[in-house]
Amino acid sequence: MSFVHLHVHTEYSLLDGFCRIDGLAKRVRELGQTAVAITDHGVMYGAVDFYRACKKEGVKPIIGCEVYVATRTRFDKVNKIDGNHHLILLCKNETGYKNLIKMVSAAFTEGFYSKPRIDKQLLEQYHEGLICLSACLAGEIPQALLAGDYERAKAAALWYNDLFGPGNYYIELQDHGLAEDETVLPRLIQLARDTGIPMAATNDAHYLRREDARVQEILLCIQTGKTIQDADKMEFQTDEFYLKTTEEMYSLFSMVPEACANTARIAEQCSFDFDFGHTKIPYYKAPDGMDNQAYFEKLCWEGLERRYGPDVPEANRERLQYEIGVIRSMGYTNYYLIVFDYINFAKSQNIPVGPGRGSGAGSIAAYCVGITDIDPIRYNLIFERFNVFELEARRPGCTAGPHALSLAKHQLVAAETFDLFLDGYRGTVADRHHRDDGRNTDHDAQNRQQRAQWIAANLPKRQQKRVAKHLFTLLRRIACDHAVDAMHAAPRIGRHIRLVRHEHDGDLVGLVEIG
């Protein structure tokens, strides 16, 4: 009897998920389960941390996302008309991972409307390598069933099944003791049997243990600007949204044990691994089908004569030949070509760029192709400063590396025109390049991750008082009642827990105990 949790929200489902990644991997191992998925709301920037934590605990990581699918298209954004449905997508392989990050990125850059939304056009384009689950009560099919429209639910299920293919689409079953679950669950089972689509049982895990439900409630209050005492606060109606044991899941779905067994089969299908420690550089397409190395060398030698005239000193030729050899052997030809390409684009659009900076200015190859405008020969700049840094970056265990190779390595684009540069370059020159490394390099994604880190660092300090707005007033009153200075109340509050229980709001007792 085996089971794998395929619907899990970590702390990267900001102010909603309370499954801390390190604790999640450890808890899965404690439960005797061999794999687990990450399916944060609309984002994937927890994937690498999740992957590493799972590997450390000997648990198989499954990379996924609970995406928001636009009710019409991702470009339709009309108030009270355009919303979204939830959908679970899991990566079977590298192709699936690349397709998923493309959709998640497009959800922010093209489909954002209250939430980052993809649409069915993106699913049609990027479904390969993915396994799809019909999601929670907010999914398209459960919503149709709640509306009493079985035929619409059936049509949607068949559409997804045809798109992803047999064995790659599952009707997702959940039961958290909600009234809606009682309505939807039997109809989902009927739908699966009518269509022949397999079922997968999940628990919409937002926290690790049942007792963590209280903390997750506080997160929701912070997210929605409410307090624990507000009657209209958003909350989960039960405390069943935790990482359940295999036995609990089979007991919950005893009428369809195959739905639990299918989760292990899905986990077996998913075999994506990150490839760390290797240089990953986008591939550049040289014009006229020319070989990239040949094109780079052509630019270098033509630039050498342009920079130094027809009678180039032999020492300069030898220096360029040496640099070309090093660049080729280290695999940085594409890097040089792409930097050349976007610097050339910036100059053609009258976007200010600097003459060069840092160790990159010591490269005569960069000078010849037009990346820099500083003559390294005239100013006695050595290429080895750039080269040795890169060689050191290849040393095992060194945290420096190819991520340091950026626009700033060779050039500075004026900050006030950087967005203009990015927008123009993405839409023209960048279309010629293929990102074979499968990474999301969207700078907006980096900003979102930095924002997540800021929230993680600052919200506990800023929001705890607001969520439990009269907790500290209560503590002060307890201290005064017992002739204890308020400043010393916190260390001694344990002895007053019984008093709080008998005389004050039970919600505050829970907050004291959580604290």
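If you're wondering where the values come from, they're calculated on a predicted model, not measured in any experiment.

1. Section: the overall build of the protein
Part 1: Assigned secondary structure in the protein consists of 22 helices and 7 strands.
Part 2: In the protein, 74% of the contacts between residues at least 6 apart in sequence involve partners at least 24 apart.
Part 3: Surface exposure of the protein reaches about 24,600 Å², of which carbon and sulfur atoms provide 50%.

2. Looking at the pattern of salt bridges
Part 1: Taken as a whole and assessed by the stated rule, the structure comprises 21 salt bridges.
Part 2: Measuring nitrogen to oxygen at the nearest pair gives 2.6 Å for the salt bridge that ties Arg-72 to Asp-82. Placement of Arg-72 in the loop between β2 (60-70) and β3 (84-91) and of Asp-82 in the loop between β2 and β3 is noted, with a sequence separation of 10 residues between them.
Part 3: Take Arg-72: its relative accessible area is 41%, and that puts it in the partly exposed class.

3. Notes on helix α12 (residues 314-330)
Part 1: Taking 1.5 Å as the rise per residue, α12 with 17 residues should run 24 Å; its terminal C-alpha atoms sit 24 Å apart, in good agreement.
Part 2: Every buried residue belonging to α12 is among Asn-316, Arg-319, Leu-320, Glu-323, Ile-324, Gly-325, Val-326, Ile-327 and Met-330, and all of these are buried.
Part 3: Downstream of α12 by one or two residues, Gly-331 has phi in the positive range, about 80°.

4. Topic: the nonpolar core
Part 1: Of all hydrophobic cores here, the largest spans 80 residues; its most connected members are Ile-63, Leu-89, Leu-100, Ile-141, Ile-171 and Leu-173.
Part 2: Excluding its chain neighbours within four sequence positions, the residues that come into contact with Leu-173 are Leu-185, Leu-188, Ile-189, Met-199, Ala-200, Ala-201, Thr-202, Phe-253, Val-256 and Ala-259.
Part 3: Ranked by size, the runner-up nonpolar core spans 31 residues in total, among them Val-326, Val-369, Ile-371 and Phe-383.

5. Brief notes about the environment of Leu-146
Part 1: On the secondary structure map, Leu-146 appears in helix α5 (residues 140-146).
Part 2: Assessed through its relative accessible area of 34%, Leu-146 is described here as partly exposed.
Part 3: Sequence-wise, Leu-146 and Arg-187 are 41 residues apart; in three dimensions their C-alpha atoms are separated by 9.5 Å.
Part 4: When residues no more than four places from it in sequence are discounted, the contact partners of Leu-146 are Leu-137, Glu-180, Thr-183 and Val-184.

6. A few points about the pairing of strand β6 (residues 169-173)
Part 1: Of all 5 residues in β6, 5 are buried; the element is thus mostly enclosed.
Part 2: Burial along β6 is two-sided: Tyr-169, Ile-171 and Leu-173 facing one way and Tyr-170 and Glu-172 facing the other are all buried.
Part 3: By the bridge criterion, 2 bridges tie strand β5 (residues 130-133) to β6 in an arrangement that is parallel. By the bridge assignment for β6, Cys-132 is matched with Tyr-169.
Part 4: Summarising the sheet, β6 and strand β7 (residues 199-201) pair through 3 bridges and their orientation is parallel. Note on β7: the bridge partner recorded for Leu-173 is Ala-201.
Part 5: Read from β6 through helix α7 (residues 179-195) to β7, the crossover connection turns out right-handed.

7. Some thoughts on the confidence of the model for the protein
Part 1: Confidence in the prediction of the protein, expressed as mean pLDDT, is 82, and 74% of residues score 70 or more.
Part 2: Here residues 388-409 is modelled with pLDDT under 50, and outside its nearest four sequence neighbours on either side it reaches 34 contacts, counting other chains as well.
Part 3: Note on residues 482-504: pLDDT is under 50 here. Beyond four places in sequence and across chains, it has 23 contacts.

8. What about the state of the cysteines?
Part 1: A full pass over the atoms with the stated rule returns 0 disulfides.
Part 2: The cysteine Cys-300 is free of any disulfide, with Cys-368 supplying the nearest cysteine sulfur at 6.3 Å.
Part 3: A relative accessible area of 0% places Cys-300 in the buried class.

9. Details of the pairing of strand β1 (residues 35-38)
Part 1: Residues Ala-35 and Ala-37 of β1 are buried on one face, and the alternating residues Val-36 and Ile-38, pointing to the opposite face, are buried as well.
Part 2: Judged from the 4 bridges that link them, β1 and β2 form a sheet pairing that is parallel. Its bridge partner being in β2, Ala-37 is matched across the sheet by Ile-62.

Calculation notes
- Residues numbered from 1 in each chain as written.
- Predicted model: local features only at pLDDT ≥ 70, side-chain atom pairs only at ≥ 80, totals over all residues.
- Heavy atoms only, no water.
- Helix = DSSP H or I, 4+ residues; strand = E, 2+ residues; numbered from the N terminus.
- Contact = heavy atoms within 4.5 Å.
- Areas by Shrake-Rupley, 256 points an atom, 1.4 Å probe, with all protein chains shown as cover.
- Salt bridge = Lys/Arg side-chain N within 4 Å of Asp/Glu carboxyl O.
- Buried < 20%, exposed > 50% of the residue type's maximum accessible area, 1.4 Å probe, protein only.
- Expected span 1.5 Å × (residues − 1).
- Core = buried A, V, L, I, M, F, W, Y, C linked by side-chain atoms within 4.5 Å.
- Pairing = 2+ DSSP bridges.
- Right-handed = clockwise from strand over helix to strand, strands pointing away.
- pLDDT = per-residue confidence, 0-100.
- Disulfide = S-S within 2.5 Å.

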